[in-house]
Amino acid sequence: MRLLRGFGWVLFVSLLLVFAGVLFARKVSNPMVSGSLNLRGLSGPVTITRDAWGVPHIRARASDADALYALGFVHAQDRLWQMEFQRRVAQGRLSEVLGEAALPQDKFLRTWGFYRAAQSALPALSARSRTLISAYTAGVNAAIAQDRLPLEFRLLRFRPERWTDVDSVSWSKLLAYDLGGNWDDELTGQTVVSKLGREALNSVFPPYPAGAPTILSSQELNLPSGQPSGKQRSGTPSALRNAGLALPADALVQLRTQLAAAASLGFVNAPGKGSNDWVIGGSRTRSGKPILADDPHLGLSAPMLWYLADVQGPTLHAVGATLPGLPGVVIGRNDHVAWGVTNVNPDVQDLFVEQPGAALQSRTEVIKVKGKPDVNLVVQESAHGPVVARSSRWGDGQDRAVSLEWTALKGGDTTFDAFFGLNYARNWADFTGALGSYVAPAQNFVYADTAGNIGYYAPGKVPIRSKGGDGAVWDGSLPVPDDAAHTWTGYVPFEQLPHVYNPQDALVVTANNRVVPDGYRPFLGNVRTWAEPYRAERILELLGSGQPITPAQVAAVQLDTVSLVWRDLKPYLLRAEPQNALSIQALKLLQGWDGNETLTSVQASIFEAWLMQLEGMAQDELGDGTTLNSLAVLNALKTDGPLCRNVALRIGSCSELLSGTLTRATGDLSVRLGSDPQRWVWGELHHSLSKHGAFGGVGAISWIWNRGISTPGGTNTVNVARPDSGTFNQTHAPSYRQIIDLSDMNSSRFIGTLGQGGNPIGSHYADMQPMWQRGEYIPMSSRPEDWGRTQTLELTGRLN
């Protein structure tokens, strides 16, 4: 009994200490959300009212700059560590605080020069943009001065430096990398050509299917008569060539090292990664006014990527998704217009092999490493851009550099002017006028206004590639030599970029699918650039009922989990010859399945596990971990393609591959979930994983920050939820959802993946996650009666 009492006292004291520690951590790191503060830099009073979900509703009386000051203040209050981590990523300064383990990432980041690109962008911005950015920066610094630092700073034992205007634009360069690159496909393309021949490119990177939907029709683009008029025709453009130059093995190693560094930071060109947005004209809706929906699919993180906010000054009235560290609303609405974005996927990156002795500029980057000596890194640039590899193992033995040309690294980037312009836009003319300043990453913007108009524009700088002696344009799919046949001669004029205003069918749907049909010039990207058409096809199918559409129906479309991939693959998969009892049971379960990948579905687990095995069919040939997309799998099964064969496993046909992969898939499921297939429930296998950037992989403490929840959906469903190979984790997802009703802007709705806060023991760190999983939303409203229980912080200012 004495031992039990002693143990009880030890347990009690331990729990008391833990409780006290939690209380202390919350006290020193939770932001001040009520009361009043007097801050330097404000020109007038500002109120910040946080609603029941932690969304700030900012009201500035004196100036719009004060509203942006307050946005910077709340960003830093709630997400200062996220902002600091992103800033250090952009700067290539992770090793200073994380140690030698982050050195490969810093070398990659310094070599590419993301922060230098941000420095060159700032002077090109308009006076209005510079003023608003400076106000935002001042707000960030005012929050830092409150000295309520997040836990991460205390664990790593350093304090944040003052925020700068360059910091306020730098993260946009990393977002451009995440959304706007295909240089890794050029490396894989070279591997395909060297090992399988040039004709195999279409097997590994399947062209966009003929007959699949394009965003705009020939009629909407005013193409010559004789072109198909609907949004259901696409094919392969003529006068293109994919001749390239093979890179030596040591150059490939250097480039793949950089890819690995980028992947460790969450920048992965994952199959099925993409976004959805669409706008519906009033002739199709019950209210008679447009409805606009958007859900960008991006990498999951903890804290979540986005920060929801309602920002109002005397003339600025914007509400939607913001990015901590960046001023302004990126996706959302104001009182007059609404907009959404998805990735266009044009080809805006090229690898060039420089001529021997090419003129290069050099600089030495000094990387400080925690607990270690500084590392000096020599970085070079050519006329194209940064030198990302070099080798002397060419056929002639001469030393050559490999450089990267990319629109986002060019000087004079005015993309921030575009986003500020959207925040203020009142009509289509304002909207397109703002987008004329947009550089990167190229996006599909859908538009709607309260007057009932809808539209679409695909802005961004897209290079015009030179023609060779045969008159054909090289298609950008492979590295090329630096010569007259392979140069950028300019950019596609803004007026020639794809766009439409008030289309006749009152509908624009984008899902990273091909933008334009055959006949459109200029060249945007090769036919292997676009995402598979499944999401676009399903959205068009659901919106094409002919019945008046409501916001509730739009929400059902965003949340749809029916797999058109299953519909296409079903006749081939069900012909598989089972090799054991588990395979027999699995095939019986798949018979008659409707393809709906719900949380309770057993068939979804079988299908996705099987598809995961099939997507690896090219790894024996390419030997580089290549994962095919579902369209490549379909094409191989249709034609009994050579990628199905595997000499080592004695697989000689697609039929044999189907049997073997089904056996492996069911075996994997039995290890994970038990030997009874009825227990292979999708929700037990498939979970989101939102990882912390610094501590998400540190096993002993990762649980403090990382979050996850079972999720429906799968590969290329509208509610996209492709499982990662080997884990079934969902690491890319609809990172934000919005549905904007132009008949009543304040009845609009939005949601994020986790929550507003950055403190893992705070009440708003992950309170949205269950709602996001269930497909619920919160009010996207500027009306106080919609905010629920609130807390208000009053800011007053002094100018010096």
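Residues numbered from 1 in each chain as written. Predicted model: local features only at pLDDT ≥ 70, side-chain atom pairs only at ≥ 80, totals over all residues. Heavy atoms only, no water.

Asks: Could you clarify how one ought to interpret the sheet that holds strand β16 (residues 400-406) in this entry?
Replies: The four strands are arranged β15-β16-β12-β21 in an open sheet whose pairing can be described as mixed. A single partner strand is all that each edge strand has here, and the edge strands are β15 (387-391) and β21 (480-481). In the sheet, strand β12 (residues 349-353) pairs with β21 via two bridges, with the strands oriented parallel. When the sheet's bridge partners are listed, valine 353 is paired in β21 with proline 481. (Pairing = 2+ DSSP bridges. Helix = DSSP H or I, 4+ residues; strand = E, 2+ residues; numbered from the N terminus.)

Asks: Just to check I follow, could you spell out the nonpolar core for this structure?
Replies: Nonpolar side chains tend to gather and get buried jointly when the protein is soluble and globular. With 181 residues, the main nonpolar core has Trp112, Tyr177 and Trp406 as its most contacted residues. Among the elements that take part in this core, helix α2 (residues 64-91) stands out by supplying 14 residues, more than any other. Excluding residues within four positions of it along the chain, tyrosine 177 makes contact with Phe108, Trp112, Phe114, Trp183, Leu259, Ala262, Phe267 and Trp406. If you look at the next biggest cluster of nonpolar residues, it comprises 52 residues, including Ala200, Phe205, Ile651 and Leu685. (Core = buried A, V, L, I, M, F, W, Y, C linked by side-chain atoms within 4.5 Å. Buried < 20%, exposed > 50% of the residue type's maximum accessible area, 1.4 Å probe, protein only. Contact = heavy atoms within 4.5 Å.)

Asks: Would you explain unusual backbone geometry in this entry?
Replies: Trans is the common state for peptide bonds, and a negative phi is the common state for residues other than glycine. At the junction of alanine 302 and proline 303, the peptide bond is cis and its omega measures out at -5° in the coordinates. By the element assignment, proline 303 lies in the loop between β7 (301-302) and β8 (307-312). In the segment running from arginine 521 into proline 522, the intervening peptide bond is cis, with an omega of 15°. Despite not being glycine, aspartate 147 has its phi angle at roughly 65°, a positive value. Among the secondary structure elements, aspartate 147 is positioned in the loop between α6 (127-144) and α7 (151-156). If you check the backbone angles, arginine 157 has positive phi at about 60° while not being a glycine. Turning to its location among the elements, arginine 157 is positioned in the loop between α7 and α8 (167-179). With relative accessibility at 78%, the residue arginine 157 sits in the exposed group.

Asks: I keep staring at the packing of aromatic side chains and nothing clicks. Help me out?
Replies: Given two aromatic rings, one states the distance between the centres and the angle between the planes to describe the pair. In this structure the tally under the stated criterion is 35 aromatic pairs. With a centroid separation of 6.0 Å and an interplanar angle of 75°, the aromatic rings of tryptophan 112 and tryptophan 406 are classed as edge-to-face. One end of the pair, tryptophan 112, is in helix α4 (residues 103-112); the other, tryptophan 406, is in strand β16, and 294 residues separate them in sequence. Both residues of the pair, tryptophan 112 and tryptophan 406, count as buried. Pairing tyrosine 736 with phenylalanine 750 gives two aromatic rings, centres 6.4 Å apart and planes at 70°, and the pair type is edge-to-face. Here phenylalanine 750 lies in strand β30 (residues 749-752) and tyrosine 736 lies in strand β29 (residues 736-741), a separation of 14 residues in the sequence. The two residues tyrosine 736 and phenylalanine 750 agree in class, both being buried. Feature note: the residues Phe419, Trp428, Phe431, Tyr438, Phe445, Tyr447, Tyr457, Phe494 and Tyr501 constitute an aromatic cluster, connected by ring pairs. Above the plane of the ring of tyrosine 491 lies lysine 461, whose end atom (NZ or CZ) is 4.9 Å from the centre. Over the ring of tryptophan 474 we find arginine 465, and its NZ or CZ is 5.4 Å from the ring centre. (Phe/Tyr/Trp six-rings, centres within 6.5 Å; stacked < 30°, edge-to-face > 60°. Lys NZ or Arg CZ within 6 Å of the ring centre and 35° of its normal.)

Asks: Got a minute to help me understand α4 in this structure?
Replies: Taking burial as the measure, the ten residues of α4 include eight buried ones, the bulk of the element. Turning to α4, its buried residues number three or more, namely Leu103, Gln105, Asp106, Phe108, Leu109, Arg110, Thr111 and Trp112. Looking one or two residues beyond α4, the residue adopting positive phi is glycine 113, at roughly 80°.

Asks: Hey, could you run me through the environment of arginine 426 in this one?
Replies: When you line up the elements, arginine 426 lands in the loop between α12 (415-424) and α13 (428-435). Every residue in contact with arginine 426, bar those within four places of it in the chain, is listed here: His336 and Val337.

Asks: Explain the packing of helix α16 (residues 564-573) against helix α18 (residues 603-614) here, please?
Replies: A pair of packed helices can be characterised by two numbers: the angle between their axes and the separation between those axes. Between α16 and α18, the shortest axis-to-axis distance is 12 Å and the interhelical angle comes to 75°. Comparing their axes, α18 and α16 come out roughly perpendicular. Contacts from Val565, Trp566, Leu569 and Leu573 in α16 reach Phe607, Trp610, Leu611 and Leu614 in α18. Residues of the contact of α16 with α18, tallied by class, amount to eight nonpolar, no polar and no charged. (Axes fitted to C-alpha atoms, helices over the stretch in contact; angles between N-to-C directions. Parallel < 35°, antiparallel > 145°, perpendicular 65-115°, else oblique. Nonpolar A, V, L, I, M, F, W, Y, C, P; charged D, E, K, R; others polar.)

Asks: How do you make sense of α18 when you look at a structure like this?
Replies: Residue pairs three or four apart in sequence face the same way in an α-helix, which turns once every 3.6 residues. The end-to-end C-alpha distance of α18, which contains twelve residues, comes to 16 Å, matching closely the 16 Å that a straight helix rising 1.5 Å per residue would cover. The element α18 is largely enclosed, with a buried count of eleven among its twelve residues. Taken together, the buried positions of α18 are Gln603, Ala604, Ser605, Ile606, Phe607, Glu608, Ala609, Trp610, Leu611, Met612 and Leu614. Buried residues in α18 make contact with α16, α17 (581-590), α20 (630-639), α21 (654-673) and α22 (682-685). (Expected span 1.5 Å × (residues − 1).)

Asks: So what exactly am I meant to see when it comes to the environment of glycine 328 here?
Replies: Assignment of secondary structure puts glycine 328 in the loop between β9 (317-322) and β10 (331-334). Residues within four places of glycine 328 in sequence aside, it is in contact with Leu68, Leu71, Thr322, Phe420 and Asn423.

Asks: Can you walk me through the state of the cysteines in this structure?
Replies: The term disulfide refers to a covalent linkage connecting the sulfur atoms of a pair of cysteines. Enumeration over the complete set of coordinates arrives at one disulfide. The disulfide that involves cysteine 644 links it to cysteine 654, with 1.9 Å between the sulfurs. Judged by the torsion about the S-S bond (80°), the cysteine 644/cysteine 654 disulfide is right-handed. Here cysteine 654 lies in helix α21 and cysteine 644 lies in the loop between α20 and α21, a separation of ten residues in the sequence. The burial state of cysteine 644 is the same as that of cysteine 654; both residues are buried. (Disulfide = S-S within 2.5 Å.)

Asks: Is there a simple way to think about the pairing of strand β5 (residues 275-280) in this case?
Replies: Consecutive side chains along a regular strand alternate between the two faces of the sheet. Counting buried positions over the six residues of β5 gives six, a clear majority of the element. Residues Ser275, Asp277 and Val279 of β5 are buried on one face, and the alternating residues Asn276, Trp278 and Ile280, pointing to the opposite face, are buried as well. Of the pairings in the sheet, the one linking β5 to strand β6 (residues 291-299) comprises six bridges and is antiparallel in character. Note on β6: the bridge partner recorded for valine 279 is leucine 292. Sheet topology places β5 next to strand β24 (residues 507-510); four bridges connect them, and they run antiparallel. Counterpart to valine 279 in the pairing with β24 is valine 508.

Asks: In this structure, what is going on with the confidence of the model for the protein chain? I would like to understand it.
Replies: In this model, the protein chain carries an average pLDDT of 93, and 93% of its residues clear a pLDDT of 70 or more. Under a pLDDT of 50 for its full length, residues 226-230 has, in the predicted model, nine contacts with residues more than four places off or in other chains. Residue range residues 232-238 is modelled with pLDDT below 50. Its contacts to residues more than four positions away, or to other chains, number 29 contacts. (pLDDT = per-residue confidence, 0-100.)

Asks: Can you help me understand the environment of alanine 383 in this one?
Replies: If you trace the backbone, alanine 383 turns up in the loop between β14 (372-381) and β15. By relative accessible area, which is 75% here, alanine 383 ends up exposed. When the C-alpha positions of alanine 383 and proline 548 are compared, they lie 55 Å apart, and in sequence the two are 165 residues distant.

Asks: Hey, could you run me through the pattern of salt bridges in this one?
Replies: The final tally for this structure, using the stated rule, is 30 salt bridges. Residues aspartate 310 and arginine 59 are paired through a salt bridge, measuring 2.7 Å at the closest nitrogen-oxygen approach. In this pair, aspartate 310 is assigned in strand β8 and arginine 59 in strand β3 (residues 56-60), connecting sequence segments 251 residues apart. Linking aspartate 399 and arginine 390 is a salt bridge whose minimum nitrogen-to-oxygen distance equals 2.3 Å. Of the residues examined, aspartate 399 reaches a relative accessible area of 36% and is grouped as partly exposed. A single network of salt bridges, built from pairs that share partners, joins Glu84, Arg87, Arg88, Arg93, Glu96, Glu161 and Asp167. (Salt bridge = Lys/Arg side-chain N within 4 Å of Asp/Glu carboxyl O.)

Asks: Can you help me understand the pairing of strand β2 (residues 46-50) in this one?
Replies: Extensive coverage of β2 is indicated by the burial of four of its five residues. Here five bridges tie β2 to β3, and the two strands are oriented antiparallel to one another. Bridge assignment links arginine 50 to a residue of β3, and that residue is proline 56. Adjacent in sequence and paired antiparallel, β2 and β3 are bridged by five residues, among which glycine 54 carries a positive phi angle near 85°.

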